[in-house]
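Close look at the chain arrangement
Listed below are the residues making up each chain.
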Amino acid sequence: MKIKFLLVLTSLFFFLSACSKDDSEVADTLETPVANPAKDVNDGGFKAKWNYVSNSKSYLLDVSTSENFATLIPNYNSKEVTDLNEVVVGLTGGTQYYYRVRAKNETQISDYSNVISVVTTGSSNIPEDPTFLKVKANKLTNPFFIGMAIKASQLTSGSPYDIILKNEFSSISAEYEMKMDQISTASGVYNWTVADKIVAYGNANGINVHGHALVWHNSVPQWLKDFSGTDAEFKAEVKKYITALVTHYAGKVKSWDVVNEAVDDNGGTMRNTIFLQRMGANYVKDCFQWAKDAAIAAGDNTLLLFYNDYATSTNIPKQDKVFSIVDDLKASNLIDGIGFQMHNTYLSPTKAQIETDLNKAVAKGLKIHVSELDIQVNQSNDISTFTNERRLAQKEKYKEIVKIYNALPAANKYALTVWGMKDNESWIPFSTELNHPGNDWPLLYDSNFAIKSSHTGFLEGLD
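Residues numbered from 1 in each chain as written. Predicted model: local features only at pLDDT ≥ 70, side-chain atom pairs only at ≥ 80, totals over all residues. Heavy atoms only, no water.

1. Concerning unusual backbone geometry
Let me state the cut-off plainly: Under the scheme used here, helices are H or I runs from DSSP no shorter than 4 residues and strands are E runs no shorter than 2 residues, and both carry numbers assigned from the N terminus.
Backbone torsion omega between His212 and Ala213 reads -5 degrees, so that peptide bond is classified as cis. Residue Pro349 is bonded to the preceding Ser348 through a cis peptide linkage, with omega at -5 degrees. Mapped onto the fold, Pro349 is located in the loop between strand 17 (343-345) and helix 11 (351-363). Its identity as a non-glycine residue notwithstanding, Asn75 has a phi of 75 degrees, on the positive side. As for its position among the elements, Asn75 is in the loop between strand 3 (58-64) and strand 4 (79-81).

2. Some thoughts on the pairing of strand 2 (residues 45-50)
Going by this rule: For two strands to count as paired, DSSP must find a minimum of two bridges between them.
As judged from the four bridges shared by strand 1 (residues 35-42) and strand 2, these two strands associate in the antiparallel manner. Across the sheet, the residue bridging to Asn36 is Lys49, located in strand 2. Here strand 1 folds back onto strand 2, and the loop between the two strands holds two residues. One ladder, built from four bridges, connects strand 2 with strand 5 (residues 85-88); its direction is antiparallel.

3. Regarding the packing of helix 10 (residues 316-331) against helix 11
We count it as follows: Orientation is described by axes fitted as lines to C-alpha atoms, over the contacting stretch for helices, and by angles from 0 to 180 degrees between their N-to-C directions. Working rule for angles: under 35 degrees goes down as roughly parallel, over 145 as roughly antiparallel, 65 to 115 as roughly perpendicular, anything else as oblique. Handedness of each helix crossing follows the sense of rotation of the near helix against the far helix: counterclockwise by less than a right angle gives left-handed, clockwise gives right-handed. By definition, residues are in contact when any of their heavy atoms lie within 4.5 Å. Asp, Glu, Lys and Arg are counted as charged, while Ala, Val, Leu, Ile, Met, Phe, Trp, Tyr, Cys and Pro are counted as nonpolar; the rest, among them Gly, fall into the polar class.
It is at 12 Å that the axes of helix 10 and helix 11 come closest, and there the two elements cross at 15 degrees. The angle between helix 10 and helix 11 places the two elements in the roughly parallel class. For the element pair helix 10 and helix 11, the recorded crossing hand is right-handed. In this structure, helix 10 contributes Gln319, Asp320 and Phe323 to the contact, and helix 11 contributes Asp357, Lys360 and Ala361. Its residues assigned to classes, the contact of helix 10 with helix 11 shows two nonpolar, one polar and three charged.

4. Describing the pairing of strand 6 (residues 96-105)
The condition that has to hold: In this scheme, a residue with accessible area under 20% of its type's maximum is buried, one over 50% is exposed, and one in between is partly exposed, where area comes from a 1.4 Å probe on protein chains only.
The buried count for strand 6 comes to ten of ten residues, which makes it a mostly enclosed element. Side chains Gln96, Tyr98, Arg100, Arg102 and Lys104 of strand 6 all project onto a buried face; the interleaved residues Tyr97, Tyr99, Val101, Ala103 and Asn105 project onto the opposite face, where all are buried too. Relative to strand 6, strand 3 runs antiparallel, the two being bridged by seven bridges. Among the inter-strand pairings, Leu60 is bridged to a residue of strand 6, identified as Arg102. Two strands pair when backbone bridges link them, and strand 6 and strand 8 (residues 116-119) are joined in this way by four bridges, in the antiparallel orientation. Paired with Tyr99 across the bridge in strand 8 is Ile116.

5. Some points on the side chain of Ser453
Here Ser453 lies in helix 13 (residues 453-461). If near-sequence neighbours (up to four positions away) are discounted, Ser453 is found in contact with Glu128, Arg391 and Lys395.

This is how it looks when you write it as structure tokens:
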């Protein structure tokens, strides 16, 4: 009986030791939680949310007014929470906050989650800063162009567009009217009327003119799509067009997007365009060479040549492919900069993703053009009106992007261009290209030309 009792005790000891060891191993390997965007945002707080972590018994929530959590909000310094959400209260309206969480199992604590940014709602009657964008930018130690995408029809003297452009912006890009299918009507035949109006407006008013774009797969004129000549003859037609355009605007257009969106969204490969099919894998390099040769022949030795594309901050295979093209162009001394379109949302890309993307261009000694900036607030079609919460979130995202750009080395800054003037005229709502589900308010001015909080955020980013 005594032996049996000892055997039972021994078995129990090993069982408890094993359990203790298993618990310790589980606790040691707590996964890092994933924080989700805040819900139920109001003037005085919000609901912080996060995903479940296996084996955690509670979560530690931090809330701060600084992204580095240098100062924590009272009662939200590692606040222990047993649920997967917490209603944060007692905050100030119209203020930027950040939150993060850690998983906990007794004495074991995980790493910090991702950081979530949230802006509490506040009075919509707070006046916006009326300072002109280019005035503030020109006071910077290292100023850069503040750009706007425009249409020729907006350039009537004395119109609201004209007044805002002259007051606020130091650079313009044609939204569509300087693309190939707008200018090239047949082989060697060009309609310069509209493009000339845009360029003349910029030159007459001391506004930089950025050319957009020499080659883009969505702006191929019908005569070139139907071209029945050989591939070599097709290539010669593209060279003729690029040479004509660069020559015609030599000394008047200071920079060109030579090739636009040549990289596919899937797998980091070249987009299967008519230019790739008929001109071969080196067509991008050929276009840059022809643009450079035309500028030199026209006596324009200062023309800047850019490659322009979108979604490179979040699509890493695409980012890698873009930079491989850029590396090849730079090795041949054919490229001056990269255009990062940044048709972003108020949630994405993150600050870190944008910085990583732009810093790759900095490391290569290239100029950076944030070339087509707008910020969607209704990408999920979950609001029917422009809410105060989204207004403030958009303001902070504009501020974030401008601050990132403003912090770049002087040699790498060229221009920051907003893609359109008024919300109701943006290309984004109901866009078939974006498959946008509904209305949106992505720009700096509302439908009545009134400045929005996004404009104030832009200005604050210049601080």
